[in-house]
Amino acid sequence: MKLILKLFAGLVVIFLLAAVVLVVTIDPNDYKQQIQAQVKNTINRDLSINGDISWAFYPQLAFSSGEIELHNPDGFNRKNLLKIDQAMVGINILPLLKGQIQIGEITLNGLVLNLITNKDGSSNLDNMGNTTSKSDAKEQTVTPTTDPGKTQESVFFAPENLQLAGVNINDAQIEIQDLKAGTTNKADIKKIHLGKFSPGQETDLSMQTDAIIDAMVAELNLQSKLLVSADLTTIELKQLALSALLTGEDLPNGKINSSVNADLKYNLDSMKAELSNLLVKLDQIQLSGNLSLQTKNLTTVRFALKGNQWDLAPYLPQSEQTETAENSSGKTAGKNTQEQEPDLSILNSLDVDGTLSIEGIQASGLTIGKIDSKIIIKKGKAQLTPLTAELYQGFLNVDASLENNRGLNSYQIASNLKDVQIRPLLIDAAKIDYLSGTTAFNFAGKGQGLTATKIKTGLTGNGDFKLTDGELYGVNIPQEIRILKAKLQGKALPTEADIKKTDFALLSGNFTVKNAIVDNQKLLMLSPVIRLDGSGLADILKETLDYRLSVTPLSKSSEETAQTDLDGLSIPLLIKGSFTDPKFSLDTQGVIKEKLDAEKKRLEEKIKKESEQKIEEEKKKLEDKLKGKINKLFG
């Protein structure tokens, strides 16, 4: 036991002696220029080490420096890509005895990272590659500044030989600017920890931090396997698991639980990131699949994503829900909000091709079934080719495009509905409840401008529709006809039906849209007892209707309807008022007047005819009497 203790004590003495000799004989400032030159050759960026590099003894033997700056290339609005207030690099003693350098833990305090994308799409991460060829690297020698004549057999810093015992980053700040999109985001990070690290080998990476992003506080927890290639050109985060609890006054119920699981691979040379086995969760909302993004002259995005049932209602702005409710009740907010045309110039820098499938969406009271879509953005034009969705027991199909046409936003759309139940759709989408039936609908249109007003006034197109086996709510036309019949016959009026609705077998029509007016040139409704036809206008801006229709009772011998005695008379039907509260009125008084006028005319003509016949008869009798007298005198 004493021998073991003595051996242990001897090793401690040797260790301490080596540390003392190292500190006394080696000045780390001798290697400043070599470190800066090697960084320049390795990642093509200028490094500045401000102040002296000194030795530290606690909690480990280490180099300690003051401020360190990694500069951006010219043309960026921040001087530095990276800035560190203080850095400490631990040194393992035993490998030094063998002529090897193994770095212990690295501690970075006050780190500031600026990630910038300029308006032309260039990034301050572009061209971060090795500027020294492999043959040059083999021949390169490094010499301390105190002894220009002394050479070494290997470079001072060879990336493939780098070994780290770990990395601790404290009190970091990250700023991400996208000047092309006009966005800036900042995050303050409390602590990041990386375990034992060496290029070409996997290592554990974990991060626990409180980040402040705009008005939100995010509690982040990251776990992953980090793999950096030996040549430092590829970064992989395998089995990435990131969870975040977001809190803020503007969030639903004050908080959102979210997580991201994926395998991430990022290539610095090609500037391409690939996400595979992706699973994103936002409370109960999920999105899974694969995605890749590459930033060069164009930002290229490819994806194949699938989502579960999405309930978006909790995430919609409260103001939007309030506005929807006010509009549905006929009220307006009375605010003169300034509309602004969106800038779609970003479409010119995108190359997107992907598919998105969602099991269903609920938003603003609207319920949509399974959605499949293909999204393409190329040469400044975004396309849905197509979007299909299950919609209220039927189907929706949409082909649409949107483009930034020399600064003038334009769009085209072709859509159709098939077998859609129109009543629940209108109730959920617009709080309108006066029509039901199984719907077929087709529309093709185009326009310029993407503000709400420009869409309403600038949309032009045409379409047609057909509803079968439905009801028109708000008026009971057969009942009104029965009342009219009773008035004409002088009989007691029938009791008014409890439900004001008119059943129909078919309601069809065609229309055009121009200058915010829907012109329904032909409207036809057929039922077993009536025929309704005519035309009308819908004002999109004022949200009002103005229809003038004619109702013609059809011949039917059943006593219940008894339409035969109206002799095919047409009754005017007016539909006026708002989209949400239209008013129906049958001009029965006008029909009665028309009927009475016709009867009066008929009687007048009859009397006239009868009078003329009587005069002729009296005239003939007089003539016959005179003839008799003449014959008697001269006979």
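## A short note on the overall build of the protein chain
In terms of regular secondary structure, the protein chain is built from nine helices and 29 strands. Each of the 635 residues in the protein chain was classed as buried or not, and the buried ones make up 35%. For the protein chain, long-range pairs separated by at least 24 residues make up 50% of all intrachain contacts whose partners lie at least 6 apart in sequence. Within the structure as shown, the protein chain displays about 37,500 Å² of accessible surface, and the carbon and sulfur contribution to it stands at 55%.

## A word on the confidence of the model for the protein chain
In low-pLDDT segments, the atomic positions of the prediction should not be examined closely. Model confidence for the protein chain is summarised by a mean pLDDT of 79, while 75% of its residues fall at 70 or above. Throughout residues 1-26 the model reports pLDDT below 50, and contacts reaching past four residues in sequence, or to other chains, amount to 15 contacts. In the model, residues 137-157 has pLDDT below 50 throughout and makes 33 contacts with residues more than four positions away in sequence or in other chains.

## Some remarks on the nonpolar core
Nonpolar side chains tend to gather and get buried jointly when the protein is soluble and globular. Ranked by internal contacts, the top residues of the largest apolar core, which has 40 residues, are Leu435, Ile477, Leu507, Leu532, Val551 and Leu573. The next biggest cluster of nonpolar side chains, apart from the first, holds 37 residues, and it includes Val39, Ile106, Val228 and Leu240.

## Comments concerning unusual backbone geometry
Following Thr385, the chain continues into Pro386 via a peptide bond in cis, with omega recorded as -10°. Positive phi values are uncommon outside glycine, yet Asp419 reaches one of about 60°. A positive phi angle, close to 70°, is found at Ala516, a residue other than glycine. Inspection of the secondary structure assignment puts Ala516 in the loop between strand S24 (501-514) and strand S25 (517-526).

## Some words on the pattern of salt bridges
Close approach of charged atoms allows side chains with opposite charge to pair. A full pass over the atoms with the stated rule returns 17 salt bridges. Arg423 is paired through a salt bridge with Asp433; the nearest N and O atoms lie 2.8 Å apart. Within this pair, whereas Arg423 is found in helix H6 (residues 422-430), its partner Asp433 is found in the loop between H6 and strand S22 (438-448), the two being separated by 10 residues in sequence. Of the residues examined, Arg423 reaches a relative accessible area of 28% and is grouped as partly exposed. A single network of salt bridges, built from pairs that share partners, joins Glu67, Lys83 and Asp85.

## Structural notes on the packing of aromatic side chains
Two numbers describe a pair of aromatic rings. These are the distance of the centres and the angle of the planes. Using the criterion set out here, one finds three aromatic pairs in the structure. Relative to Phe511, the ring of Phe465 has its centre 6.4 Å away and its plane inclined at 35°; by these criteria the two rings are tilted. In this pair, Phe465 sits in strand S23 (residues 460-473) while Phe511 sits in strand S24, placing the two residues 46 residues apart along the sequence. Here the two residues Phe465 and Phe511 agree in accessibility, since each one is buried. Among the aromatic side chains, those forming a connected cluster through ring pairs are Phe441, Phe443, Phe465 and Phe511.

## A closer look at helix H2 (residues 32-43)
The end-to-end C-alpha distance of H2 is 17 Å, a good match for the 16 Å that 12 residues give at a rise of 1.5 Å each. By the burial criterion, the buried members of H2 are Lys32, Gln34, Gln38, Val39 and Thr42. Looking down the long axis of H2, one finds its buried residues gathered within 165° of arc, a one-sided arrangement. The positive-phi residue at the C-terminal boundary of H2 is Asn44, with phi of around 60°.

## Comments concerning the side chain of Ser508
As for its position among the elements, Ser508 is in strand S24. Under the relative-accessibility criterion, Ser508 is labelled buried at 17%. Ser508 has contacts with Phe465, Lys466, Lys522, Leu523 and Leu524, leaving out every residue within four places of it along the chain.

## Some remarks on the pairing of strand S28 (residues 571-578)
Of the pairings in the sheet, the one linking strand S27 (residues 544-553) to S28 comprises eight bridges and is antiparallel in character. What sits directly across from Ser550, in S28, is Pro572. One ladder, built from five bridges, connects S28 with strand S29 (residues 582-586); its direction is antiparallel. Within S29, the residue paired with Lys576 across the bridge is Lys583.

## Concerning the pairing of strand S8 (residues 183-194)
Looking at chain direction, strand S7 (residues 164-178) and S8 are connected through 11 bridges and run antiparallel. Residue pairing in the sheet places Gln173 in a bridge with Asp188 of S8. Linking two consecutive strands that pair antiparallel, namely S7 and S8, is a turn of four residues; a positive phi of about 75° is found at Gly182 within it.

## Some details on the environment of Gln294
Tracing the sequence through the fold places Gln294 in strand S14 (residues 285-295). The class of Gln294 is partly exposed, set by a relative accessible area of 22%. On a C-alpha basis, the gap between Gln294 and Tyr266 in space is 9.3 Å, while along the polypeptide they are 28 residues apart. Non-local contacts of Gln294, meaning those with residues more than four positions away in its chain, are made with Ser270, Met271, Lys272, Thr299 and Thr300.

## A short note on the environment of Arg78
By secondary structure assignment, the location of Arg78 is in the loop between strand S4 (68-71) and strand S5 (80-91). For Arg78, the residues in contact, after removing those within four places along its chain, are Asn72, Asn114, Ile116, Glu175 and Gln177.

## Concerning the side chain of Asp351
Inspection of the secondary structure puts Asp351 in strand S16 (residues 350-363). Among all residues touching Asp351, those that are not within four sequence positions of it are Leu298, Thr299, Thr300, Val301, Arg302, Ile377 and Lys378.

Conventions adopted
Residues numbered from 1 in each chain as written. Predicted model: local features only at pLDDT ≥ 70, side-chain atom pairs only at ≥ 80, totals over all residues. Heavy atoms only, no water. Helix = DSSP H or I, 4+ residues; strand = E, 2+ residues; numbered from the N terminus. Buried < 20%, exposed > 50% of the residue type's maximum accessible area, 1.4 Å probe, protein only. Contact = heavy atoms within 4.5 Å. Areas by Shrake-Rupley, 256 points an atom, 1.4 Å probe, with all protein chains shown as cover. pLDDT = per-residue confidence, 0-100. Core = buried A, V, L, I, M, F, W, Y, C linked by side-chain atoms within 4.5 Å. Salt bridge = Lys/Arg side-chain N within 4 Å of Asp/Glu carboxyl O. Phe/Tyr/Trp six-rings, centres within 6.5 Å; stacked < 30°, edge-to-face > 60°. Expected span 1.5 Å × (residues − 1). Arc of directions from axis to C-beta. Pairing = 2+ DSSP bridges.

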